[in-house]
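Below are the chains, spelled out letter by letter.
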Amino acid sequence: MNPVSEHAIKHSFKLEVESVPEWVAEPKDVAARVGGEAVFECKAEGRPAPKIQWFMNGIPLEDWKDDSCRIVTNGQLQFLNLGQEDAKRIQCNASNHHGYLLGDVALNIMAPPDQPTDVTTSACMSRSANVTWTEGFNNFSPITTFYVEYNHSFAPNFWNKGAIVTDPSKTEAKVWLSPYARYTFRVIAENEIGRSMPSDPSVNACATESDRPEKHPTNVHTDISKTGWLIVKWDRMEEIEHNGPGFRYNLIIKEDGRTIKTEIYDWTVNKQEIYMGTVYEPYEIHVEAENEKGPCPYRTVMHIGHSGEAAPLITPDNFELVDIMSAYEATFQWDAVDTSPEKIRGVFKGYKIRYWKTGQKNTSMTVIEVPRTPARDTRIKKRAITETVTVNSLPPFSDLEADIVTANTYFISDPSNVVSFRTPEGVPGPVKNAQVVVSGAHHFQIQWEPPEEPNGMLLGYDIGYRKVNGSNIGEVLRTDRYDDPQLSQALIGNLEENQPYMVYVWARTIKGRGEDYFLDAKTAHAGNKSEFFSHQISSYASISTPTTTQCDAKTCQNNTSKPVMYDLIRLPQSLWPKLYNITIQPFIYDVDPMEFSFACEAIIHMDCKESTDLILIHSVGHNISFISIENETGTIELVHWWHNDDLEMLQIKSKYMLTEGEEYVLTIQSVSSMSENLRGFYYSPYREGNQTKYIFTTMMEPTDARRVFPCFDEPDFKAVFIFNIIRKEGLTSLTNLPRRLTLGPDAEGYYTDIFDEPRNVPMSTYLVAIAIGDLDNLASTVNNVSFRTWCRSREVNKTKYALEIGMKFMEFFEDYFQIPYSLPKEDMIAVPTMSFAGMEHWGLITYRENMLFYEEGVSSLNDKETMTIIIAHEVAHQWFGNLVSPFWWDDLWLNEGFATYMMFLAVDRVLPSWNMVNKQIVETRGLQNVMQADDDNNTHPVYVDVYNPDDIANIFDLISYAKGGAVIRMMNFFLGEDTFRKGLTRYLKDFSYKTATHKDLWSSLSQQAVVDNHTFTDVTAVMDTWVLEENYPVVKMSLIDDHTIQLTQSAFLETAEQRKDRSHVTWKIPFVYTTDIERNFNKTYADITWISNKTAYIKVSDTSLRNASWIIGNIQQYGFYRVNYDEHNWNALLDQLIANHTIIHVINRAQIINDAWNLARAGLLDIQIALKTLDYLDKELDFVPWKAALRELKYVKTSLQLTALYGLFEHFMRGRLRKAYFSTAVARDHYNRLQYSMISNIACEYDLEECIDDAMDKFNAWKNDNNVSMDPELKEMVYCIGVKHGGQEAWAYVLRNFIDSESTSEKQFLLDALTCSTQPWLLMTLSEMMFSTDVFSKTEKVSVLARLSGTPTGRLLAWNILEDNWKSIQDEFGEDINLFSVIISAVTHSINTPAELNRLRGFLRQQKNLGRAKAMFETAIDKAETNIKWKDKYYDTIKAWLSN
Ligand SMILES: [Zn+2]
């Protein structure tokens, strides 16, 4: 459409005629709602146009003083927000001078209808009535609904809904009624606005006739709270439901054909109690309704109810406290009870654990309900189940007693045994009545009272404050720590004047800070009063702001003068450190672990013993930023300093000579990176949920202290160490000594932990330790020494056993050595990754986690034994090694040999039933094991010259530990326990806090022998032959005549071919023997014949030799030597074993086996004799000889496993094992359970059918239900057999469980089992996962390779894996000499064919840089050659023997 132009207006003309007004829109009545609006219209036409004028109630609108209405247009009037009172009349006048029109209309406000009237009962039947009414005025809104209501004579005030009529044209309704009541009606009308008032009640009532009841009572049930009684309850029926006169309840109870019927005429009754004299017996129950017309025509619902319960007859057995997890939490366990009704005598509801404070049972008892439902599955019911529950509401730091009862709905059983325990300390409650007593301009003096609930031993208080600015509350600016539990006031200084603060007072126990208690306070305006501070904390160490700047890294290191080279590996003795003050600050927050680093400030106080201008100190890998040397007179000017990486030393040249006799202070500041490689200060990762967390710790032995801080890193430089560790909130730091004080936080949130000065306890650098992490501990005290176990906080309860046993060892050694432990505390901390099982840092022993974690029922006894031995070992070091340290590493064995000897001794004394005194012979670090290691050319003497760090690291081997331990055991034998022990005490006292050599030890022992009037006093002469020479002798024992034994010694070497000439060596051998006549296996030093030359003779005057059928030497293998006999005597010994092996001491039985096999291997004995030592094994029930035999059999097995003889060999083994398998299966004690574990492992390995069946049953049960409990002793075997015989599915199941499991020991079992598969492709899958995923840890990879190489299928695969992945293996393990050597020896030890050996040689030829592995492979080649020869030589003999 186009717009019309303005200029296009047309002009027109019109004729106009005048007229009177006429309605166009005549006004009408309007009805409106309250709150709504109303619009009136009034339009008229006429000529001239009429004027419209509005009036209300006769008053013109213009004068209306109300703004609730307005004229919208000339013709419309609008009302808004109408109220009930706005109803009115409106007039509209339309007028011109010819006439007018008047409209008068109503504004009506709508309202609910008026009430109906004339309500009448028009018809009255027995179950209904017709009702009519007249409607009232609808109040301008049409009626939509009528409601008819009725009441009845039984409840005249209550109106019931009767009928609803939605057709408003009807004013009549039918109402349904019950019989036998008199009804009145009323009606309510409803329109859109609301409901009317109810009408008046109907003028005539309707009385219905009676009829039978229409229902029976509902909700019939029994109450079982009253023993012996059947209590039936129901909902009573109201009168209106009676439907007639004569109403009654019929209660019918049926039991075994008997029926009891009770009529109850009182309708208000709703329960009946009947004495049945039974306990929780079921009854069939009916409750009927009946009146004069008859009973309700419908059938009753049968209800089964029970007579009352009685107290359960069964009490839970074996109620035990499993663990106290925290100050509030303890876990209990007990045997699940038999939940059969006869025992429970009611409905089983579970248990109630009741605990109370000792002596206050009546007033302090708390009951914890442990709801349980009875097992539905009867199969489960048969099995004894242990129930476990953790109670988490215990009062801390209390002596408590607890018992448990079985509960049914209303009763409890007799209580179980009472368990007494003590909850550990918790954090305290808030302090009481804290107040600011003085507000100075710059200080507050505050006082308080101790907390009402200390929840532990109060150690002191922490005071902190925040600044308050308006509604802003700042950070806690400072926290001062007071280690005085008596303290009740303190001063806070250095505050700003006229400033509001929030002041905090926390009480503290060993568990930490308690609840907050804070005060609002404001400092005063500064006035004339002088400030007074009674307390001032010195500002704490800060390593970021050096106090001197004499020489910094640039000016010194860039000095062009040539550095002085110092070419010896040992430090000179010109400077002696006496005190180190070390401050360490790790930077480990919000950075990638690769970036973890730490700052260190070492302040070293040194005595100058010899004038020098060259200061040498060990240091590796530090970025040094500052060095200064000062003495009393000031700072010494330095020429330069230089890092000598080869010698791992820092060389500092001073401008002038340092003066002999003066003390100097060397300060070095550095920043260094932290690594994961288990050396120096390293980080040890672990998983917690989805998070990787870390423990930061140190491993300094032997020569890695220098990686943590520059130091004089040789054991002889003993000094006192003071530590300050700067760390953030949420971390705990530990060092060798207790923490004395914590300062902070500073502005960046750092706290400074300041550790005790160790008074007069100097220590060697390698014994220093630091640990930082999110740690928790269990704590106790032994002989006034605070003893704690620490680990990542969630696992702390697993260290309970370690804590207990550690304390026992501490007590044992204090008593044994008669020297108290030197430090105020001993901490043992579990670190997730560590190169050794344990490290004896003085006062802070570190352990690999599995050495400190023990879980009853999860960890195996083997694990328990291993960790027990290791803990004993490390605690023994606190004296041997820490109190007295070796002068230099060549005497490392003094540490390790003694700790090894002492660990067996301590375990035997503390846990006599473990029989460690016998078992140690066959233990990993026992005599038989190390004899085999010490019989070739690759061994070394116990005492060995070492200089550089690699050589030192290499002697942490079996020789230092086990041969060291074995020769000490021999020394104990020839000196006698009394002299030996006193001699050790003498040595430890003479050299306390110093270092010593083996010569010092010989001297102390010799002195003691003199004091004790020993006939033998030259320890040096004897022990030098054992300690300074490698290898050991074999003594050939033969009868020359009826009165003479000839003893000939020669060096024992494994094979003639590789023999060095050892003919010049003569050992001094303390020889003892017995015969079948004497049968004395408890020889003492008084019985010793010394063999000091190549040949010795024993003259026997009586007839005992002539009558003897056998002799045996080296009673209880006290001596570190083998014994050989002529064939006649060997056979006599073997006959004795078969006839009655128990005549011979258990250690000597193991010795016979061990010696025979090794002599045979060395070509000194016919292999037939060795094979015959196995014949008696079917009768042998003791652990020790079996273990000795299994070691030899493993060799035979490895030799035969890829030959045709293997089947025969397996058959032979099954024959030997059967009896031991069955007789140990029932064992319960530690010693025999371990044996069962060992025997069943082997029995299954050799496919003993019963063992396989049993293992498969257990495996399948576990596979069906992962939660099924399994004897940890058998897990290893069960999982292995399951995988071996269970195919891919079983393998995959085990793998999945391995990945999911969080238990270290469980993981190990599952991992081992994965290697048991006989399917090469599964094993290859495992291998691929090893090198392409991060599923396995380092040690797990090593363990996989080691296990694989022991199985027929895995053996060749292991080689493939090593070859294919050599580079990555070398990268990953090359640094870790322990793991590296395990891998190489595991993979190569079974090589026994020329083809395999050629392959090994070929592989080595290809390798350019073998590094440390070279020597290991050389050993492996020797070993392989020996294996091949052995097999070539004996194959036919073994074949003949097995075929017999
Ligand atoms: Zn050790």
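Residues numbered from 1 in each chain as written. Predicted model: local features only at pLDDT ≥ 70, side-chain atom pairs only at ≥ 80, totals over all residues. Heavy atoms only, no water.

A contiguous patch of negative charge on the surface is contributed by Glu 452, Glu 453, Glu 515 and Asp 516. Here Asp 516 falls in the partly exposed class, since its relative accessible area comes to 49%. (Patch = residues over 30% accessible without salt bridge, like charges linked within 9 Å, V, L, I, M, F, W, Y side chains within 5 Å. Areas by Shrake-Rupley, 256 points an atom, 1.4 Å probe, with all protein chains shown as cover. Salt bridge = Lys/Arg side-chain N within 4 Å of Asp/Glu carboxyl O. Lys, Arg positive; Asp, Glu negative; His and termini not counted. Charge placed at Lys NZ, Arg CZ, Asp CG, Glu CD. Buried < 20%, exposed > 50% of the residue type's maximum accessible area, 1.4 Å probe, protein only.)

Turning next to a nonpolar patch on the surface. A grouping of Met 457, Leu 459 and Ile 510 is seen on the molecular surface, where their side chains present a nonpolar patch of about 260 Å² in accessible area. Turning to its location among the elements, Leu 459 is positioned in the loop between β35 (444-449) and β36 (460-469). Judged by its relative accessible area of 34%, Leu 459 falls in the partly exposed class. (Helix = DSSP H or I, 4+ residues; strand = E, 2+ residues; numbered from the N terminus.)

Within the element layout of this structure, Phe 146 appears in strand β13 (residues 143-152). Each C-alpha atom of the pair Phe 146 and Ala 189 lies 4.5 Å from the other, and the pair is 43 residues apart in sequence. Sequence-distant contacts of Phe 146, defined by excluding residues within four places in its chain, comprise Pro 116, Trp 133, Glu 135, Ala 163, Ile 164, Val 165, Pro 168, Lys 170, Thr 171, Val 187, Ile 188 and Ala 189. (Contact = heavy atoms within 4.5 Å.)

Turning next to the coordination of the zinc ion. On the protein side, the zinc ion has His 873 (NE2), His 877 (NE2) and Glu 896 (OE) as donor atoms, found 1.9 to 2.0 Å from it. Taken in sequence order, the residues that donate to the zinc ion follow the motif H-x3-H-x18-E. Of the two residues, His 877 sits in helix α6 (residues 861-877) while Glu 896 sits in helix α7 (residues 892-910), which places them 19 residues apart along the sequence. Taken individually, His 877 and Glu 896 each receive the classification buried, so the pair is uniform in this respect. (Donors = N, O, S within 2.8 Å, 3.2 Å for Na, K, Ca; no water.)

Summed over the entire model, instances satisfying the criterion amount to 73 salt bridges. A salt bridge links Glu 214 to Arg 127; the shortest N-O distance between them is 2.2 Å. Placement of the pair is Glu 214 in the loop between β18 (206-207) and β19 (221-223) and Arg 127 in the loop between β11 (117-124) and β12 (128-134), with a sequence separation of 87 residues. Exposure remark for Glu 214: the relative accessible area of 41% places this residue in the partly exposed category. The structure contains a network of salt bridges with shared partners spanning Arg 792, Glu 795, Lys 798, Glu 849 and Glu 855.

Going through the model one piece at a time under the given rule, you end up with 75 aromatic pairs. A centroid spacing of 5.5 Å and a plane angle of 70° characterise the contact between Phe 596 and Phe 696, whose relative ring orientation is edge-to-face. Here Phe 696 lies in strand β51 (residues 691-699) and Phe 596 lies in the loop between β42 (575-587) and β43 (597-608), a separation of 100 residues in the sequence. Of the two residues, Phe 596 and Phe 696, neither departs from the other in class, the shared state being buried. Ring centres of Trp 1359 and Phe 1403 lie 5.5 Å apart, and the angle between their planes is 80°; this geometry places the pair in the edge-to-face category. Within this pair, whereas Trp 1359 is found in helix α27 (residues 1352-1364), its partner Phe 1403 is found in helix α30 (residues 1394-1406), the two being separated by 44 residues in sequence. As far as burial versus exposure is concerned, Trp 1359 and Phe 1403 are alike and both buried. Put simply, the rings of Phe 812, Phe 813, Tyr 816, Phe 817, Tyr 821, Trp 879, Phe 880, Phe 898, Tyr 987 and Phe 991 pair up and form one aromatic cluster. Positioned over the ring face of Tyr 750 is Lys 728, at 5.1 Å from the centre of the ring. For the cation-ring pair, Arg 981 lies above Tyr 816, with the distance from its terminal atom to the ring centre recorded as 6.0 Å. (Phe/Tyr/Trp six-rings, centres within 6.5 Å; stacked < 30°, edge-to-face > 60°. Lys NZ or Arg CZ within 6 Å of the ring centre and 35° of its normal.)

The subject of this paragraph is the nonpolar core. Core analysis: the largest hydrophobic core is formed by 316 residues, its most contacted members being Phe 709, Met 902, Met 971 and Trp 1026. With near-sequence residues (within four places) excluded, Met 902 lies in contact with Phe 813, Tyr 816, Phe 817, Ala 876, Phe 980 and Leu 984. Judged by nonpolar contacts, the second largest core, of 22 residues, contains Ile 314, Val 337, Phe 348 and Phe 421. (Core = buried A, V, L, I, M, F, W, Y, C linked by side-chain atoms within 4.5 Å.)

That is the geometry; function is a separate question.
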